[in-house]
Amino acid sequence: MRAITVTPGKPNSLRLVEDFPEPDADEGAVLVEAIAVGVCGTDHEIINGEYGEAAPGSTDLVLGHESLGRVVDDPTGALSPGDLVAGIVRYPDPVPCTNCAVGEWDMCRNGQYTEHGIKGLQGFARDRWRIPPKFAVRLDPKLAELGMLLEPTSVVAKAWEHIERIGGRANWEPKTVLVAGAGPIGLLAALLAAQRGFEVHVLNRSANGEKPALVEALGARFHTGTVHELGREFDIVLECTGAPPVVLDSMCQAAPNGIVCLTGVSSGGRTIDFDAGALNRALVLENNVVFGTVNANRRHWELAAEALAAADPDWLSRMITRRVPIDEWSKAYSPEPDDIKVVLEFER
Ligand SMILES: [Zn+2]
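These numbers come from a predicted model, not from an experiment.

### Some thoughts on the sheet that holds strand E1 (residues 3-6)
- Strand order in the open sheet made by the 3 strands is E2-E1-E4, with antiparallel pairing throughout. Every other strand in the sheet has two partners, leaving strand E2 (15-17) and strand E4 (61-62) as the edge strands with one partner each.
- Pairing analysis gives 2 bridges linking E1 to E4, with the strands arranged antiparallel. Bridging across to E4, Val6 finds its partner in Leu61.

### Observations regarding the environment of Pro174
- Looking at the secondary structure, you find Pro174 in the loop between helix H2 (150-167) and strand E12 (176-180).
- Between the C-alpha atoms of Pro174 and Gly292, which are 118 residues apart in sequence, the distance is 19 Å.
- If we ignore the near neighbours within four places in the chain, the residues touching Pro174 are Phe198, Asp235 and Ile236.

### A short note on the UniProt feature "domain: Glucose dehydrogenase C-terminal" (unreviewed entry) in the chain
- As annotated by UniProt and renumbered to match this structure, "domain: Glucose dehydrogenase C-terminal" (unreviewed entry) occupies residues 144-346.
- Measuring from the first to the last C-alpha atom of residues 144-346 gives 13 Å, for a span that is 37% helix and 21% strand.

### Here we look at the packing of aromatic side chains
- Applying the stated criterion across every chain, the model contains 4 aromatic pairs.
- Considering the side-chain rings of Trp105 and Phe135, the 5.2 Å spacing of their centres and the 40° angle between planes classify their relative orientation as tilted. Taken together, the residues span a long stretch of sequence, with Trp105 in the loop between strand E7 (90-91) and strand E8 (114-116) and Phe135 in the loop between strand E10 (128-131) and strand E11 (136-138) at a distance of 30 residues.
- Exposure remark for Phe135: the relative accessible area of 4% places this residue in the buried category.
- Look at Trp160 and Phe198: their rings are 5.7 Å apart centre to centre, the planes differ by 15°, and that puts the pair in the stacked class. Placement of the pair is Trp160 in helix H2 and Phe198 in the loop between helix H3 (184-195) and strand E13 (199-203), with a sequence separation of 38 residues. We note that Trp160, like Phe198, is buried.
- Site record: aromatic cluster; members linked through ring pairs are Tyr91, Trp105 and Phe135.
- Across from the ring centre of Tyr113, 3.5 Å away, lies the NZ or CZ of Arg90, which sits over that ring.

### Some thoughts on the nonpolar core
- Judged by nonpolar contacts, the single largest core of 100 residues is most densely connected at Leu238, Leu316, Tyr333 and Leu344.
- Sequence-distant contacts of Leu344, that is, excluding residues within four places in its chain, are made with Ile4, Ile35, Ala36, Val37, Val324, Pro325, Ile326, Trp329, Ala332 and Tyr333.
- With 11 residues, the next largest nonpolar core counts Leu178, Leu203, Leu248 and Met251 among its residues.

### Considerations on the pairing of strand E5 (residues 66-73)
- Two strands pair when backbone bridges link them, and strand E3 (residues 30-39) and E5 are joined in this way by 7 bridges, in the antiparallel orientation. Paired with Glu33 across the strands is Arg70, a residue of E5.
- Sheet topology places E5 next to strand E6 (residues 84-87); 2 bridges connect them, and they run antiparallel. Of the residues in E6, the one forming a bridge with Arg70 is Leu84.

Conventions adopted
Residues numbered from 1 in each chain as written. Predicted model: local features only at pLDDT ≥ 70, side-chain atom pairs only at ≥ 80, totals over all residues. Heavy atoms only, no water. Pairing = 2+ DSSP bridges. Helix = DSSP H or I, 4+ residues; strand = E, 2+ residues; numbered from the N terminus. Contact = heavy atoms within 4.5 Å. UniProt positions renumbered as here; feature names shortened; annotations may be inferred. Phe/Tyr/Trp six-rings, centres within 6.5 Å; stacked < 30°, edge-to-face > 60°. Buried < 20%, exposed > 50% of the residue type's maximum accessible area, 1.4 Å probe, protein only. Lys NZ or Arg CZ within 6 Å of the ring centre and 35° of its normal. Core = buried A, V, L, I, M, F, W, Y, C linked by side-chain atoms within 4.5 Å.

Quick look at the structure:
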């Protein structure tokens, strides 16, 4: 069968292997036929040799962590043939730590977790894959062309759950939300904000392509420029760029009792002149919370599946700006200027 693989740590080792072995039975009871995988920034970091770890006993890693497939067989009976599923990316560490021990692998404390297509587990960019039933998430049948958005949606579902849990520390009636960055994570964060009935503002570096129209279709307002130039504060800020000036500006624009959620990963090594004392003063005197979030556990994947099922399928399909058939696989990994989400299709 076909698989997209890399040799982790070796730049430009990306290739299509035509005779990749069928998935091993010990990868999980559920056999799934791939429909598509989404491509994201983490894939590009792995392709560039900056990140990624091969599966044990192999020098190579199958890419792909934003999965969508159809169940072929599940002898456990948890799923039925034909069910639409996505595979949970992260597995608990083997120790396990106190969080992994209770299914909170998104909060793993020792870093020994594994991740499909990223760290020590083969990914989903192959014709067939296997997964244990408890790591398979069933999707609404109407998401047969969109379900690869579940993984990025799980990340924002966790962000929203944590925002709401933090907000529960006191009486809190938030009304306004700022999302910084209109990439896939920012747009999905805005979708979940709109589903909650908030007044939503989305800020992006440029107004090119579909992004402004997608934001407006949510009933939200699209802005360019800096967070500071918006000249106002927000009850909730979701930072989805990881760009240091945007991160700092975002922390300064939280309203009293406001919550700033950081989801972007900065590359580091860049310093900016910044008044840390003024920031501290603003955070303390307004009871602000700034927190970071990554990954998602099974509960968040289920919340994400509900959010996608409730979303307008036309809106979700407009987020997918290119669909590349497996025969032209390399195009899926060559970014183009107006890309939002690119998917690689195995079936069609
Ligand atoms: Zn752990």
